Amino acid sequence: MAWFFLELIVKSIALEQTRLFYHNLPSGEDVPPMQLKEGVFRCIMQLYDCLLTEVHERCKKGLGLAKYLNSSLAFFCYDLLSTIEPRQVFELVSLYLDKFSGVCQSVLHDCKLTFLQILCDHDLFVEMPGRDPSDRNYLSSILIQEIFLTWDHEDLSMRAKAARMLVVLLCKHEFDIRYQKLEDKLYIAQLYFPLVGQMLDEMPVFYNLGSSEKREVLITILQIIRNLDDTSLIKAWQQSIARTRLFFKLLEECLIHFEHRKPDDSMLMGSSSRSPLGDKPFPSKYSDRLSPAINHYLLEAARQEVGPQGTPENGYLWQRVNSQLSSPSQPYSLREALAQAQSSRIGASTLALRESLHPILRQKLELWEENLSAAVSLQVLEIIEKFSGAVASHTIATDYGKLDCITSIFMIVFSHNQPLAFWKALFPVFNSVFELHGATLMARENDRFLKQIAFHLLRLAVFRNVNVRKRAVIGLQILVRSSFSYFMQTSRLRVVLTITLSELMSEVQVTHMKSDGTLEESGEACRLRKSLEEMADESESFNIFEEFGLPEKPLVASNEQSPEHCCTWSEVKVLSDSLLLALDASLEHALLASVMTLDRYSAAESFYKLAMAFAPVPDLHIMWLLHLCDAHQEMQSWAEAAQCAVAVAGVVMQALVFRNDGVWSSDHVCALRKICPMVSGEISSEASAAEVEGYGASKLTVDSAVKYLQLANKLFSQAELHHFCASILELVIPVYKSRRAYGQLAKCHTMLTNIYESILEQESSPIPFADATYYRVGFYGEKFGKLNRKEYVYREARDVRLGDIMEKLSHIYESRLDGTTLHVIPDSRQVKADELQAEACYLQITAVDPVMEDEDLGSRRERIFSLSTGSVRARVFDRFLFDTPFTKNGKTQGGLEDQWKRRSVLQTEGSFPALVNRLEVMKSESLEFSPVENAIGMIETRTAALRNELEEPRSSEGDQLPRLQSLQRILQGSVAVQVNSGVLSVCTAFLSGEPATRLRSQELQQLIAALLEFMAVCKRAIRVHFRLIGDEDQEFHTQLVNGFQSLTAELSHYIPAILSEL
């Protein structure tokens, strides 16, 4: 019966209040609260205390009656707030809280929360005074204190109840028509803002909450901050760096807990072979996890929904729905539908509740969830913009060296799915922040931030949604502008973008299979390529800037002290082309996946292109070079594998030379470049620029360089290119000298001795040493794709013959041409591609000879002995030639008097040995020799071979045996000849009959002079031969003398002066 006495007291006070002010109160004014006399109030307080003690004791015993009595006391205070002076009521409230102080038992705490919930539901709650005249709202302060205390309660239901109380209370304030002015909203926000401060002081309390309670707490915090003025926010950020950081931790939690992700999101880049969408469990929707308090609020407000006016931006027309939506089973309002589902217990399962909705209402629910996520993200973005301005004025406490509060929010924003509305608002703020703090955000201290942002901008550039992709392009341009504005170069940004592009390639499916089973470029790769191209499109960019409300020329960043140092679109184009090169290399590598084991040449080129495309990043450059090295070793292409090892060592050496922390200098790099021309001759800042969070030159050491130099030495030795081995060991020796590693030095010098002995053996061999064979291969046919009408020079092992490479290439390309006929052109004639069958493909394979550096390509001499030399030379070739016989009548072969020769000289893209087995022909020239020039060249070749053998210096008597064998071989082919062969056939062809009359006098004189010189050298060689032979070779010498005399007699018929000359 306690409620009866309490209600009787309230009504008595109300009657007394009316009696006192009935005649004195002006018309239209509310009755003011009445101040109770001390004696009366003391009696009420004694009764209240007695009942309160009863409630406290009964609650300890768990009696349900205590809860009803507790509610009666709460409503008693509630009613007194409308009749007597509030501060007198506050005495009763204070007495209650003293009785239920601290963290009580669950039943007691539940009673306390119910008491506060009823009390704070008062219509004049916002306008309540403080307990002291200098204080603000007393009820709000105790509410905040008790709610925060409850969030640390061990009973989870108590935490949930406290969170719901706060959400419902703020909802009431937000929709209260009396408090719609800005100053009213600000006052309410300031009332609740101490709650945020308490949360920052005790963050573990927040982290211990359940996910549902966290969302409700976060939404209340955002609601408080949304209506707060800038002054209060800045004051909160001025206390300490740690406190400011915690403030933004709460904002990060907001972004994470209110992320909206749709499984069929049309903006996403699409399913990836590495991470298919179907395999990723999406978090349940926020609306699926709405607390009962929110659902209750929706039910209460169900019939208050006002239909939207006009057409939303996304095109949904909620007014134009079919008639069945207004039926009792499918109400028009989403809230009514949710209410029906819950009342019929369909909502026991969140999935069942969602499925029970009409498709259009389900779509509307999706829209509501998306709008909620957008509202949260936009609120956080607005706070970041305010914070950025405060940082620029240096009025707050934060880490100015890293600005981690800004960077952490941006990383969360970019790494989570966001609605389109948010992306539209983000980039103007993003641009503004980088204009103010670009130097700090792009400094080395923020490598992780810059790398994350670059990665997610490239990820956005793959999205299907054009608006998102365009904004990603703008974001990339903002980074370029900031990089040049603050650092006067974009090399580090290029490194970062290259790294992130490499990481993105592992996430994006760049190929997909066509119906015929072949691979082609995927939509994701196409969209990324288009975005990178748009990044450097000046005219298109200006239109996008204007459309999205950004400055017209955000890329024009100039330095007032150095006006010539300004960011230009050409530099953006260079950056864009570099990224496109990496994308194309990755795509080509993916497309070749099915034929890599068959076509080793294309596989090696693919690794090479990846290594070149990712060259700005030493780690990635080395990784692909080592893949290429492994591929060459599988093919037993030892020289090419060695070049890869040299290239890796070159990258390491350049980084060490730039840092001045190695034993090498730029001269050593130049020496290495003579072995592998791909090693850059410039020691630039690229290696230093590549120091980005786990990547870069810090991993490159002297030991790693020595390791790869030793690998190169081993591989060159297997290729028998010993002159390269010597050069490499000369680079290793300084390291061991600096370390006084005498054992290693002894091994190096022993190896050098063996190397030079091997070189001497090669040079003294009667048969010229050839480390490889070379073939020119021409491709003709549309099915060859990029290879069509291109020529390459292939480097093969020295035992590979023309038939071998024809068979190998035929096998490779027959399997790749899908049934298209493949023809091999057997000769080296000039191909007229337009005259070939359009539906067929052709390979022209020709053996070619490498050209020495000082060789006279215009010489008429044959090239049989052109590579035989007694000096040690680096066998590095970038020019090749082959001779093609032809006649003017169209036949390939003819008599000596009709036989012309075409000498074709090919210039390759690089030099052999290279990082790949084939190099493209970049330039081709040809010379033609007449029949008589051919004849003179043949004679001069034999003369030069004999003279070279006679004049070549010998180091010891032991060299006479190889010399004798070589001399006998050459003399036998020169003087011991059959009729109508050798020089005799030349005389018969050109010095007798009609051919002799067609020769010009100069040609005739040159031919006769060549014959006379040849015979003179043969005579001298026979004399040398006589001095070298023993008794066993006397008979062979007699045959040579007889042959020489016979040849002289035959030649005298054509050249009578030969008898006097000899």
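This text goes with the structure placed above it.
An account of the accompanying structure is given in this report.

How each quantity is defined
- Residues numbered from 1 in each chain as written.
- Predicted model: local features only at pLDDT ≥ 70, side-chain atom pairs only at ≥ 80, totals over all residues.
- Heavy atoms only, no water.
- Helix = DSSP H or I, 4+ residues; strand = E, 2+ residues; numbered from the N terminus.
- Buried < 20%, exposed > 50% of the residue type's maximum accessible area, 1.4 Å probe, protein only.
- Contact = heavy atoms within 4.5 Å.
- Polar contact = N/O pair within 3.5 Å; in protein donor to acceptor, adjacent residues only side chain to side chain.
- Phe/Tyr/Trp six-rings, centres within 6.5 Å; stacked < 30°, edge-to-face > 60°.
- Lys NZ or Arg CZ within 6 Å of the ring centre and 35° of its normal.
- Core = buried A, V, L, I, M, F, W, Y, C linked by side-chain atoms within 4.5 Å.
- Axes fitted to C-alpha atoms, helices over the stretch in contact; angles between N-to-C directions.
- Parallel < 35°, antiparallel > 145°, perpendicular 65-115°, else oblique.
- Left-handed = near helix turned anticlockwise from the far one by under 90°.
- Nonpolar A, V, L, I, M, F, W, Y, C, P; charged D, E, K, R; others polar.

### What to know about the side chain of Glu146
Considering the arrangement of structural elements, one finds Glu146 in helix 6 (residues 138-150). Residue classification places Glu146 among the buried positions, given a relative accessible area of 6%. Ignoring anything within four residues of it in the chain, the contact list for Glu146 reads Leu97, Lys112 and Leu116.

### Comments concerning the side chain of Arg795
Within the secondary structure layout, Arg795 lies in strand 4 (residues 790-797). A polar atom in the side chain of Arg795 sits 3.4 Å from the side chain of Glu640. Look past the residues within four positions of Arg795 in its chain and what remains in contact with it is Ala639, Glu640, Leu721, Asp771, Ala772, Thr773, Tyr774, Phe912, Pro913 and Asn917.

### Side note on the packing of aromatic side chains
A full pass over the atoms with the stated rule returns 32 aromatic pairs. An angle of 85 degrees between the planes, with centres 6.2 Å apart, marks the rings of Tyr774 and Phe877 as edge-to-face. With a gap of 103 residues between them, Tyr774 in strand 3 (residues 772-780) and Phe877 in strand 7 (residues 877-886) connect regions that are remote in the sequence. An aromatic cluster is present here, built from Phe410, Phe414, Phe422, Trp423, Phe427, Phe430, Phe434 and Phe449 joined pairwise through their rings. Positioned above the aromatic ring of Tyr792, the side-chain terminus of Arg918 is 4.9 Å from the ring centre.

### Focus: the nonpolar core
Trp151, Tyr192 and Trp664 are the most contacted members of the largest nonpolar core, which totals 228 residues. A per-element tally of this core places helix 27 (residues 638-659) first, with 15 residues. Apart from the residues lying within four places of it in its own chain, the contact partners of Tyr192 are Phe125, Leu143, Ile144, Leu166, Leu169, Leu170, His173 and Ile224. Ala945, Leu946, Val983 and Leu1011 belong to the second largest nonpolar core, which has 36 residues in total.

### Quick word on the packing of helix 21 (residues 491-505) against helix 24 (residues 569-591)
Taken N-terminus to C-terminus, the directions of helix 21 and helix 24 make an angle of 25 degrees; their axes are 10 Å apart at the nearest point. Judged by the angle between their axes, helix 21 and helix 24 are roughly parallel. For the element pair helix 21 and helix 24, the recorded crossing hand is right-handed. Residues Leu493, Arg494, Leu497, Thr498, Leu501 and Met505 of helix 21 pack against Leu575, Ser578, Leu579, Ala582, Leu583 and Ser586 of helix 24. A breakdown of the residues in the contact of helix 21 with helix 24 according to their chemical character gives eight nonpolar, three polar and one charged.

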